[in-house]
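Observations on the model geometry
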Number of protein chains: 2
Amino acid sequence: MTQFINSREDAVTDAIDGLIRASGGALARLDGFPHIKVVVRNDWDKSKVAIVCGGGSGHEPSHAGFVGKGLLTAAVCGDIFASPSVDAVLAGILAVTGDAGCLLVLKNYTGDRLNFGLAAERARAMGRKVNMLIVGDDIALPDLAQPRGLAGTLLVNKVAGALAESGASLDTVTAAAQKISDGARTIGVSLDTCTIPGTPKEDRIPNGRAELGLGIHNEPGVEQIDYATADGAMQAVTDKLAPLMGDTPHVALLNNLGGASELEMSILANALGQSSIAGKVSAIVGPAPLMTSIDMRGFSVTVCPATDEDIAHLAAPCGPAAWPGCVGLGAPVTQPMPDGLAMLDFTPSADPQVAKIMGLICDTFLAAEAELNTLDAKSGDGDTGSTLAAAARGLMDASDRLPQADTAQLFGAVGQELGQIMGGSSGILLAIFFTAAGEAAGQGASLQDALQAGLARMKSVGGAAVGDRTMIDALDPALAAMDQGIAAAARAARAGADSTADIVQAKAGRASYVNAAQLKGHRDPGAHAVALMFEALAQSSQL
Amino acid sequence: MTQFINSREDAVTDAIDGLIRASGGALARLDGFPHIKVVVRNDWDKSKVAIVCGGGSGHEPSHAGFVGKGLLTAAVCGDIFASPSVDAVLAGILAVTGDAGCLLVLKNYTGDRLNFGLAAERARAMGRKVNMLIVGDDIALPDLAQPRGLAGTLLVNKVAGALAESGASLDTVTAAAQKISDGARTIGVSLDTCTIPGTPKEDRIPNGRAELGLGIHNEPGVEQIDYATADGAMQAVTDKLAPLMGDTPHVALLNNLGGASELEMSILANALGQSSIAGKVSAIVGPAPLMTSIDMRGFSVTVCPATDEDIAHLAAPCGPAAWPGCVGLGAPVTQPMPDGLAMLDFTPSADPQVAKIMGLICDTFLAAEAELNTLDAKSGDGDTGSTLAAAARGLMDASDRLPQADTAQLFGAVGQELGQIMGGSSGILLAIFFTAAGEAAGQGASLQDALQAGLARMKSVGGAAVGDRTMIDALDPALAAMDQGIAAAARAARAGADSTADIVQAKAGRASYVNAAQLKGHRDPGAHAVALMFEALAQSSQL
């Protein structure tokens, strides 16, 4: 079992009950489990037009997550990726449809057409006013007579729901929703298949490839394309949409197919905002999971011509928390940096020997990036190498404007640079180390004494001592041995770093959250980095 | 590249710009990219208390996604899983802090403590009123002196933000936020590690196991436990929380660590609502992604004693769409099924020969479940076998109440049963088939003619003909050959089913969305199922 479910059979009913439990009383379901899975507004009095949508499950929050004031009146849920039965659809219609009638929205799949169509016929035969709207917004196969219904369904439902909530007639609601349905165009791209409960995951999309033109049931996309970047994936999508967009303003809906992280979805929003179609997109819905394929790492973009009135309906407040709103799509607004952050001024100076030592240290950290990341992943978050490499790159970039010929100023400047560019605990601790060492050197301390002063300050602010499994375990003995020469310091640093592999009860840093069995036999990455640096200095003929 | 990013280096800045683009003008950022990554409210006039939060990125929507009216005033973002620099934090404080002062909220990690602490000191030295609040809600390691900050941070921020928006003083805001921070207790569980941009994914958690007591930086949980079901995972979490909860009402926050699907999160909400602590939980926030570990398939539960006033602050409307609200946690409400769904009444009757044939057919579909699912996965959504097996189980359950001795009634009853229990396109098409066949038989047609009438009706409603790669490709020739005996019908069905492997341009059903190369060489699962059934009947000595 690789998902949080109890069984394939109970997945949908469990999820519906969970949704209702966490709805604060806004939702209810018909008493027809397990065959009849219909979620309804619990405050519904049938005085307004009912909006009923449905289809297979596995697309959460669609559709049950959109039941609520100003959106759907009822959602009819099938099993995962399977249409609900005729009886289930009929139950949903009958439960919420009063004299004002019902707009039945479905996606264009054979099963849904058959089941919803028969249910609508039966409801009409029982005297209910039912209009049926079939959404087919897919453009993956432009010559398909029956395009599939995808995330454009959400735009249709929201416009219909806002109008119905305002008291509009069935004909008015239907006409506005049909206009959105006619205008909506959707295409998606994915980097991986989804995990269907109870079914082995298919490994269909190789690394470096993506599928373009997806359905929402894990069926293969119409083509595989090369994948390198988020911008490239967005361009593949917008290249398909652009020729279909006239010159009128559009709304765009950026849909998470379920498995893309929030970080990725924001990156994709940025890509959309810089894309060739951005100029025609006046408003955006999302990024958000709206019509998912369970946990598919993919996204879709829907575009649709939209008037100010359409946008107002999409932006109208509504009950369901799953609806992300609709706002203008704009360029990133910047504000000027506040005063008070000015760097201290140092006078640049050159010293070839200092430059060589700095270069040697920086090269050591750059070469060790992967090794240190791997070591850090045993006890922390795997970024020690990247953090030190970034610092090394930053210092090398800054090298020409550093006061190389004045040790006190140089330490202060290095401390300031590291505080600016490095981040992370090691960054601030090293900034404190160098700033304090620079202060001591400025007051006439020897090199060894100045570095010892920095070490003392770092211990005090950071709260770590020798034996706590930090870089101090290498730095402390190395600095103590410096008066015996750099080779002795390197040996002391190495011994100290190696000793951290036996420290299984870390007292400071992220390793302190990790249990002993995980730590045993792995050196602390910070201590190892310090030892690598001293060893590089000792092995260099320049010293 | 397995994620939608452009490069590890640009991931956070791209995501911030995407967030701001899609904010409708509500957000801005300081002009300090790439080192200074601070997101601020774009409408801020410094007249109220500023709420500033921050930390490493990779926890989206935390924290930048919560900047907005009634929540955070500014978010200071580090690189992925790395604390922001002192200068970045200081820039964030200075940008939004006016005379009313600033509450600086951070999670208890060494790096954040150092950077935020130094920045707060520098801001105070510049005359700003800054209160600092360190959240440490983790209970994974109960004896840890410095518990980590986790999703409880969101409760702290929301209460602080609501109070600040109402015009409360810094001391009032701080006291209310501190009370929430003191009361919040969080623990999480995960089925997989997360994907850190630019770093190979670690395969640390074997199938059937889960990690309990997670941080939010992909560090290992404090223990691995057996994993079987969502209910079991929730129990592991609530067993840790229960002993720490007194008798006062609590709010619970159900947090998606990033990679659990919406379906799973609703199932977990259902599990929470049935757990041992449910009686003490009066309100719930979520389920929603609030404090993620990028795309980790896991969740955390935070509980915190909450007064009515606290709940009001958590439920207060706010700008950020990422905040899911706070509502009562209740039992699933049900409404009675509507009238009009009554089944037609059939008089049960027994016929041992009919019962045997039905049993043989049902056994055939039960035995073929996995084979048919696998075949369907080549062209559709992989559920043909499960759908038919469910139908077979349902019919066998209903066997005793079927009118076995009356062919016309039996067909009608089977049609009605399949319409009720089966769902999916095949369900409704078979319901139409049997209902029409029953009607014809009732009017005196022979068995073969009655079945032919059913076939004709199914073709008409479904819109498919021979050659369209559907079950009709086997059913049509089989029924035509029935007058030559069941063996001939089986041979015709098999030939028809086999012919579908060469039909690469499907015209009906989900296979019509799949390209030719995907279909070539794979039989249509519906046609194959029909052939299996006729073959089983032909091979049986009972006929």
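Residues numbered from 1 in each chain as written. Chains lettered and ligands numbered in written order. Predicted model: local features only at pLDDT ≥ 70, side-chain atom pairs only at ≥ 80, totals over all residues. Heavy atoms only, no water.

What to know about the overall build of chain A
Put simply, the rule is: Helix and strand labels come from DSSP, where a helix needs a run of H or I of at least four residues and a strand needs a run of E of at least two; each type is numbered from the N terminus. The size measure is the radius of gyration over C-alpha atoms, and the globule rule it meets is 2.2 Å times the number of residues to the 0.38 power. Using a 1.4 Å probe on the protein chains alone, a residue whose accessible area is under 20% of its type maximum counts as buried, one over 50% counts as exposed, and one in between counts as partly exposed. By the convention used here, residues are in contact when the closest approach between their heavy atoms is within 4.5 Å. The charge count includes Lys and Arg as positive and Asp and Glu as negative, but it does not include His or the ends of the chains. For charged residues, the charge sits on one atom: NZ in Lys, CZ in Arg, CG in Asp, CD in Glu.
Scanning chain A from terminus to terminus reveals 18 helices and 14 strands. Against the 2.2 N^0.38 benchmark of 24 Å for 543 residues, chain A shows a C-alpha radius of gyration of 31 Å, more extended than a compact globule. Here the C-alpha coordinates of chain A stretch approximately 100 × 50 × 40 Å along the principal axes. The buried share of chain A, reckoned over its 543 residues, is 62%. Contacts spanning at least 24 positions in sequence make up 71% of the contacts within chain A whose residues lie at least 6 apart. Put simply, chain A has 37 plus and 58 minus side-chain charges, and the middle of one group is 6 Å from the middle of the other.

Looking at the interface of chain A and chain B
For interface size, the figure often reported is the accessible area lost on association. Let me state the cut-off plainly: When two components associate, each loses some accessible surface as probed by a 1.4 Å sphere; the sum of these losses over both components is called the buried area. Salt bridge, as used here, is a side-chain nitrogen of Lys or Arg placed within 4 Å of a carboxyl oxygen of Asp or Glu. For this analysis, a polar contact is any N or O atom pair within 3.5 Å, provided that within protein one partner can donate a hydrogen and the other can accept it, and provided that sequence-adjacent residues contribute only side-chain to side-chain pairs. Residue type decides the class: Asp, Glu, Lys and Arg count as charged, Ala, Val, Leu, Ile, Met, Phe, Trp, Tyr, Cys and Pro as nonpolar, and the leftover types, Gly among them, as polar.
Between chain A and chain B, the residue contacts involve 134 residues of the former and 134 residues of the latter. For the pair chain A and chain B, the summed buried surface comes to about 11100 Å²; carbon and sulfur atoms form 59% of the total. In this structure, the connection of chain A to chain B is made through 2 salt bridges. In this structure, A:Asp295 and B:Arg297 form a salt bridge, with 2.3 Å as the shortest nitrogen-oxygen distance. Between the two partners, chain A and chain B, sit 29 residue pairs in polar contact (both at pLDDT 80 or more). Here the element with the most residues in the side of chain A that touches chain B is helix α7 (residues 262-273) of chain A; it accounts for 9 residues. Looking at the side of chain A that touches chain B residue by residue, the class counts come to 67 nonpolar, 46 polar and 21 charged.

Considering the relation of the copies chain A and chain B
Definition in use: A least-squares fit on C-alpha atoms brings the copies together, and the residues used are those whose pLDDT is at least 70 in both copies.
The transformation that overlays chain A on chain B combines an axial shift of 0.0 Å with a rotation of 180°, and the residual RMSD is 0.1 Å. Viewed as a symmetry operation, the transformation between the two copies matches a two-fold axis. Minimal C-alpha separation from the rotation axis in chain A is found for A:Gly259, amounting to 3.0 Å. When the interface residues of chain A are mapped onto chain B, 100% of them are again interface residues, pointing to one common binding face.

Observations concerning the sheet that holds strand β11 (residues 281-288) of chain A
All names here are of chain A. The condition is simple: When DSSP finds two or more bridges between a pair of strands, those strands are recorded as paired.
Strand order in this open sheet of 7 strands is β9-β8-β7-β12-β10-β11-β13, and the pairing throughout is mixed. Only two strands of the sheet have a single neighbouring strand rather than two, namely β9 (223-226) and β13 (327-328). Bridge count for strand β10 (residues 250-256) against β11 is 5 bridges, and the pairing is parallel. Opposite Leu253, over in β11, you have Val285 as the bridge partner.

Points about helix α9 (residues 352-367) of chain B
Residue and element names in this part refer to chain B. Rules: Here a helix's expected span is defined as the number of its residues, less one, multiplied by 1.5 Å.
In a regular helix each residue adds 1.5 Å, so 16 residues correspond to 22 Å; α9 covers 22 Å between its end C-alpha atoms and thus fits that length. All of the buried residues in α9 are Met358, Gly359, Cys362, Thr364 and Phe365. The N-cap residue of α9 is Asp351: its side-chain oxygen and the backbone nitrogen of Gln353 are 3.0 Å apart.

A look at the packing of aromatic side chains
Residues and elements named next belong to chain A. Test applied: Centre distance within 6.5 Å is the pairing criterion for rings of Phe, Tyr and Trp, where only the six-membered ring of Trp is used; planes under 30 degrees apart are then read as stacked, over 60 as edge-to-face, and the remainder as tilted.
Under the defined criterion, the tally for this structure stands at 10 aromatic pairs over all chains. Considering the side-chain rings of Phe66 and Trp323, the 6.4 Å spacing of their centres and the 75° angle between planes classify their relative orientation as edge-to-face. With Phe66 in the loop between β3 (50-57) and β4 (74-80) and Trp323 in the loop between α8 (308-315) and β13, this pair connects stretches of sequence that are 257 residues apart. For Phe66, a relative accessible area of 1% gives the class buried. For the ring pair Phe433 and Phe434, a centre distance of 5.2 Å and an interplane angle of 85° mean the geometry is edge-to-face. Take Phe433 and Phe434: they sit in the same class, and that class is buried.

What to know about the environment of B:Leu475
Residues and elements named next belong to chain B. Inspection of the secondary structure assignment puts Leu475 in helix α15 (residues 472-480). Assessed through its relative accessible area of 7%, Leu475 is described here as buried. C-alpha separation for the pair Leu475 and Gly526, spaced 51 residues apart in sequence, amounts to 9.5 Å. Residues in contact with Leu475, not counting those within four places in the same chain, are Phe433, Leu455, Met458, Val530 and Phe534.

As for the side chain of A:Thr174
All names here are of chain A. Here Thr174 is to be found in helix α5 (residues 170-183). Thr174 sits in the buried class, given a relative accessible area of 14%. The contact partners of Thr174, leaving out residues within four places of it in the chain, are Leu103, Asn131 and Leu133.

Things to note about the sheet that holds strand β14 (residues 334-335) of chain A
Which entries qualify depends on this criterion: Between the N-to-C directions of two axes lies an angle of 0 to 180 degrees, each axis being a line fitted to C-alpha atoms and, for a helix, fitted only over the stretch in contact.
Reading across the sheet, the 7 strands line up as β14(A)-β1(B)-β2(B)-β4(B)-β3(B)-β5(B)-β6(B) and stay open at both edges, with mixed pairing between neighbours. Unpaired on one side and paired on the other, β14 of chain A together with β6 (130-135) of chain B mark the two borders of the sheet. Helix α1 (residues 11-21) of chain B rests against β1 (27-30), β2 (38-41), β3 (50-57) and β4 (74-80) of chain B of the sheet, and its axis sits at about 145° to β1(B).

As for the packing of helix α6 (residues 230-241) of chain A against α7(A)
All names here are of chain A. This is how the line gets drawn: Convention used here: angles under 35 degrees read as roughly parallel, angles over 145 as roughly antiparallel, angles from 65 to 115 as roughly perpendicular, and any remaining angle as oblique. Working rule for handedness: look at the near helix, and if it is turned counterclockwise from the far one by less than a right angle, call the crossing left-handed; if clockwise, right-handed.
α7 packs onto α6 with a crossing angle of 55° between their chain directions and a minimal axis gap of 9 Å. Considered as vectors, α6 and α7 are oriented oblique to each other. Considering how the two elements wind past one another, α6 and α7 form a crossing that is right-handed. Between α6, through Ala230, Asp231, Met234 and Thr238, and α7, the contact on the second element is made entirely by Ile267, Leu268, Ala271 and Leu272. Across the contact of α6 with α7, the residue classes break down as 6 nonpolar, 1 polar and 1 charged.

Considering the pattern of salt bridges
Tallied over the entire structure, the rule returns 40 salt bridges over all chains. Across the pair A:Glu219 and A:Arg148 runs a salt bridge whose closest N-O atoms are separated by 3.6 Å. Linking A:Glu219 in the loop between β8 (209-212) and β9 with A:Arg148 in the loop between β6 (130-135) and α4 (152-165), this pair joins segments that are 71 residues apart in sequence. The burial state of A:Glu219 is the same as that of A:Arg148; both residues are buried. One salt bridge in this structure joins B:Lys48 and B:Glu165, with 3.4 Å as the shortest N-O distance. Residue B:Lys48 is found in the loop between β2 and β3, and its partner B:Glu165 is found in helix α4 (residues 152-165); the two are separated by 117 residues along the sequence. Residue classification places B:Glu165 among the buried residues on the basis of a relative accessible area of 17%.

So, the domain arrangement of chain A
Stated precisely, the cut-off is as follows: Domains are outlined according to an automatic or database domain assignment.
Taken domain by domain, chain A consists of domain 1 (11-196 + 204-328) and domain 2 (352-540). For domain 1 of chain A and domain 2 of chain A, the distance between their C-alpha centres works out to 54 Å.

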